[in-house]
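Fold and contact review
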Amino acid sequence: MYQYHKWIRSFHAVAKTHSFTAAAIYLKVGQPTISEQVKALEDRFAVELFYRRGRHVELTDAGRRLYEITEGIFGQEDEAVQLLQSLHSQKTGLLRIGAVSPPVVMNLTYDLMRRHPGIEFAISINSEKETLARLYDFTIDIAILAIVDPDKRLHVVPYRTYPIVAVVRDDHPWADKSSVPLASIKNEAAIMRERGSKTRDLLENACSNQGIQINCVMELNSREAIMHAIAEGMGIGFVSEIEYVAIPGTKAVRLRDTTVTIDYYMCSLAVRKNRPLIKSVLESGTPPKTTRKK
């Protein structure tokens, strides 16, 4: 069994780094050793785990299925090492949080710092796909995501719900209003996030339900870029209320006649939900609906 452990460890390193060379560096062994051990594993069980195309390697279906298992095995091994390192440095705990939204994760971190003053935080901001991948890979402990698809590997706790607001330039006719009808959108040039964005999906669904056509004149993959485009007068945009940054020359306006909101969730791996630090955070309950004033 110990021999299999070394072979499987080498397989996991290649699958994780997408490269035999990178895997050798990751495990601090020679590349021939990695290649020999992966080949030995494939030969012993008569299975192909990688498609090899020059220096590029890609998991086969069997390889993907095995990697789903090794993520748990070696992810928990890495977690054990991190715990020992944390104890050695006399830290009371390190909580690694990944999120899709900087304002939302900062709100959560602010609450947690008050409740758990001894915790050290490591925060990362990535796309939903990458944040989930980091959670599955044990690189982070908790993910803050907008709308979570059912997945038995995840333990999910509702966090907060925020309205989606329109953002306009300060000389726009809406700028002196606190809210406007959703139907008003059809007359505006809209600057939208890329397709697949949760904010965009929710807004488009709400408009579709009322037969409202959105005139998208520009797509951008950055909230900051959208804000600057609005300030330049290129059109109006949409963000969740907590993500609105008051760039000079812009104003947020609420939408009425329908409920357009976005839900955020705290997620952990189901197999890790009872880890003391993670459990303490998840069981701390849904924070108050009101946000801290800036």
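Here is what the cut-offs are and how they apply
- Residues numbered from 1 in each chain as written.
- Predicted model: local features only at pLDDT ≥ 70, side-chain atom pairs only at ≥ 80, totals over all residues.
- Heavy atoms only, no water.
- Helix = DSSP H or I, 4+ residues; strand = E, 2+ residues; numbered from the N terminus.
- Buried < 20%, exposed > 50% of the residue type's maximum accessible area, 1.4 Å probe, protein only.
- Core = buried A, V, L, I, M, F, W, Y, C linked by side-chain atoms within 4.5 Å.
- Contact = heavy atoms within 4.5 Å.
- Phe/Tyr/Trp six-rings, centres within 6.5 Å; stacked < 30°, edge-to-face > 60°.

**Some points on unusual backbone geometry**
The phi angle at Ala-46 is positive, at roughly 50°, despite the residue not being glycine. Position of Ala-46 relative to the elements: it lies in the loop between α3 (31-45) and β1 (50-53). Note on Ala-46: relative accessible area 73%, which makes it exposed. Unlike most non-glycine residues, Phe-138 shows phi in positive territory, near 65°.

**Let's talk about the nonpolar core**
Among the nonpolar cores identified, the biggest contains 53 residues, and Ile-144, Leu-203, Phe-238 and Met-266 are the most heavily contacted of them. Take this core: its biggest share by element is seven residues, from strand β6 (residues 154-169). Residues in contact with Leu-203, not counting those within four places in the same chain, are Leu-182, Ile-185, Met-192, Ile-214, Phe-238, Leu-255 and Val-260. Formed by 16 residues, the second largest nonpolar core is a distinct cluster that contains Phe-11, Ala-15, Phe-50 and Val-57.

**What about the side chain of Ser-19?**
Locating Ser-19 in the fold gives a position in the loop between α1 (2-17) and α2 (20-27). Every residue in contact with Ser-19, bar those within four places of it in the chain, is listed here: Val-14 and Val-57.

**Some words on the packing of aromatic side chains**
Following the criterion strictly, the structure yields five aromatic pairs and no others. Centroid distance Tyr-4 to Trp-7: 5.6 Å. Interplanar angle 50°. Geometry classified as tilted. Note that Tyr-4 and Trp-7 are positioned in helix α1 at a spacing of three residues, about one turn of the helix. By relative accessible area, which is 22% here, Tyr-4 ends up partly exposed. Accessibility expressed as a relative area gives 14% for Trp-7, which makes it buried.

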